[in-house]
Amino acid sequence: MKSYKNYIKKAIPILISLVLLFVVFRNIDFAQLIKALFSINLNVIIISIVLILMGLFFKFKRWKVLLLVLKKDIKGINIFSSMVIGVLGDHVLPAKAGEFIRSYLVGTKENISKASVFGTVIIERVMDIFSILVICGIALIFISVKQQLVLQAEIAGISILLIVAFSIFLFIKQKGFLTKIISRLLPSRYSNKIVQIFDLLSNGLRIIKDVRQFLIVFFWSLSMWFFIIGSFIPILYAFNYGGVNPPLYTIFVLLLFVTFGLSIPSSPGGIGIYEYASFLTLQICLPLNQMEFTNINAEVGAFAILLHFTQVVPELLLGFYFFMKEGLKWSFLSNMKRLEGKQGD
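This section reports on the structure supplied with the text. Model, not experiment: these values are computed from the prediction. (Residues numbered from 1 in each chain as written. Predicted model: local features only at pLDDT ≥ 70, side-chain atom pairs only at ≥ 80, totals over all residues. Heavy atoms only, no water.)

Here's the deal with the packing of helix α11 (residues 250-261) against helix α12 (residues 273-285)
Here is step 1 of the chain: Look at α11 against α12: their axes get within 9 Å of each other, and the N-to-C directions meet at 145°. For the crossing formed where α11 meets α12, the hand is right-handed. Between α11 and α12, the residues in contact are Thr250, Val253, Leu254, Phe257, Val258 and Gly261 and Ile273, Tyr274, Ala277, Ser278, Leu280, Thr281, Leu282, Ile284 and Cys285, respectively.
Here is step 2 of the chain: Counted by class, the contact of α11 with α12 contains 11 nonpolar, 4 polar and no charged residues. (Axes fitted to C-alpha atoms, helices over the stretch in contact; angles between N-to-C directions. Helix = DSSP H or I, 4+ residues; strand = E, 2+ residues; numbered from the N terminus. Left-handed = near helix turned anticlockwise from the far one by under 90°. Contact = heavy atoms within 4.5 Å. Nonpolar A, V, L, I, M, F, W, Y, C, P; charged D, E, K, R; others polar.)

Shown next, in the form of structure tokens:
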């Protein structure tokens, strides 16, 4: 029975990805799709990849600032190597397992507490929320949004992020009170897990010692996300969509859809998520009658494929290079139960 449940658990993400891919590509002429893909100038792909790699560099700078609090003489190469191997793990394993992998790797190499290292990862997730909130909030203020549906989608996304941000603030102020409520309301097997998450978040937030350090980490976080958003632009405007250029706010809608989409269980590498997020974004942001044309659908499909390629493949290749350089075995990535159990070491 347990084996049967495990198969179902593994099958659900794959099923989600297949359904999303079907929705995106069901009305596309594949001959036109291939033609659209081969019409792209190689320089567009190169520019997008360079911007993604710059985003990885700023991700490294952010994590380094946080880890230097735990150990002053920590080696940059150990940080970067662990980080990109963790990114590889995120792409090929479920439940963001790469976060545990990079915490384990850098903790082992530098002989520091893996739980403390994982605390820095928690801070990164908090910073990601605040960064996307700030970027999309500013975009909503300064960029004219004419379509009501787009405006509603942006406001809904920002509202969700605000709720998360407020929840984090409430947690900081009332951790003990919230822990008691959860322990009383939920069965112990659930409440204990939530309390463990609370402890990890609490330990992570303690790493930020002062306002100056917070601002430095936030600066690197904003820089990282600006380059990630920038990597959308060359691919987005590489197609003409029947002579209609998508408005600039398209990239911010896409950012929200991709961010929320990647929180949904799916096959490795976000298969289906990037494609559907791209399809849904252009369906909302382009004029309604544009999506009725087959060649437009082919260009939308080509955009979705190229966006996915430029976002994921460079990170996979870089992660795989350092994975091989470290002499790691594939079983190291797959055995996440053992790694999770050692986070408290």
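There's more to say after this.
A short note on the pattern of salt bridges
Here is step 1 of the chain: Across all of its chains, the model carries 8 salt bridges by this definition.
Here is step 2 of the chain: A salt bridge links Glu124 to Arg102, with the shortest nitrogen-to-oxygen separation between them at 2.4 Å. One end of the pair, Glu124, is in helix α6 (residues 114-142); the other, Arg102, is in helix α5 (residues 98-110), with 22 residues separating them in the sequence.
Here is step 3 of the chain: Glu124 sits in the buried class, given a relative accessible area of 0%.
Here is step 4 of the chain: By relative accessible area, which is 1% here, Arg102 ends up buried.
Here is step 5 of the chain: The closest approach of N and O atoms between Arg125 and Asp128, which form a salt bridge, is 2.7 Å. With Arg125 and Asp128 both in helix α6, this residue pair falls 3 residues apart, about one helical turn.
Here is step 6 of the chain: The exposure class assigned to Arg125 is partly exposed, which follows from its relative accessible area of 28%.
Here is step 7 of the chain: Each of the salt bridges in this network shares a partner with another, and the network as a whole consists of Arg62, Glu99, Arg102, Glu124, Arg125 and Asp128. (Salt bridge = Lys/Arg side-chain N within 4 Å of Asp/Glu carboxyl O. Buried < 20%, exposed > 50% of the residue type's maximum accessible area, 1.4 Å probe, protein only.)

Overview of the environment of Ser221
Here is step 1 of the chain: Here Ser221 lies in helix α10 (residues 211-236).
Here is step 2 of the chain: For the pair formed by Ser221 and Lys59, sequence separation is 162 residues and the distance between their alpha carbons is 6.8 Å.

Some remarks on the environment of Lys109
Here is step 1 of the chain: Inspection of the secondary structure assignment puts Lys109 in helix α5.
Here is step 2 of the chain: The exposure class assigned to Lys109 is partly exposed, which follows from its relative accessible area of 27%.
Here is step 3 of the chain: Considered as a pair, Lys109 and Ser82 are 27 residues apart in the sequence and their alpha carbons are 9.2 Å apart.
Here is step 4 of the chain: Setting aside chain neighbours within four positions, we find Lys109 in contact with Asn78, Ser81, Ser82 and Glu326.
Here is step 5 of the chain: Polar side-chain contacts of Lys109 include one of 3.4 Å to the side chain of Ser82. (Polar contact = N/O pair within 3.5 Å; in protein donor to acceptor, adjacent residues only side chain to side chain.)

Topic: a nonpolar patch on the surface
Here is step 1 of the chain: Among the surface-exposed residues, Leu42, Ile46, Val50, Met54 and Phe57 lie close enough to one another that they form a single nonpolar patch of about 430 Å² accessible area.
Here is step 2 of the chain: Within the secondary structure, Phe57 sits in helix α3 (residues 42-67).
Here is step 3 of the chain: Take Phe57: its relative accessible area is 37%, and that puts it in the partly exposed class. (Patch = residues over 30% accessible without salt bridge, like charges linked within 9 Å, V, L, I, M, F, W, Y side chains within 5 Å. Areas by Shrake-Rupley, 256 points an atom, 1.4 Å probe, with all protein chains shown as cover.)

Section: the nonpolar core
Here is step 1 of the chain: Ranked by size, the top nonpolar core spans 55 residues in total, and within it Phe239, Tyr241 and Phe303 carry the most contacts.
Here is step 2 of the chain: Contributions of two or more residues to this core are made by α1 (2-25), α2 (30-38), α3, α6, α10, α11, α12 and α13 (294-325).
Here is step 3 of the chain: With 11 residues, α10 is the largest single contributor of residues to this core.
Here is step 4 of the chain: Apart from residues lying up to four places away in sequence, Phe239 is in contact with Ala36, Ile40, Glu299, Ala302, Phe303 and Leu306.
Here is step 5 of the chain: Val84, Leu93, Ala97 and Val117 belong to the second largest nonpolar core, which has 28 residues in total. (Core = buried A, V, L, I, M, F, W, Y, C linked by side-chain atoms within 4.5 Å.)

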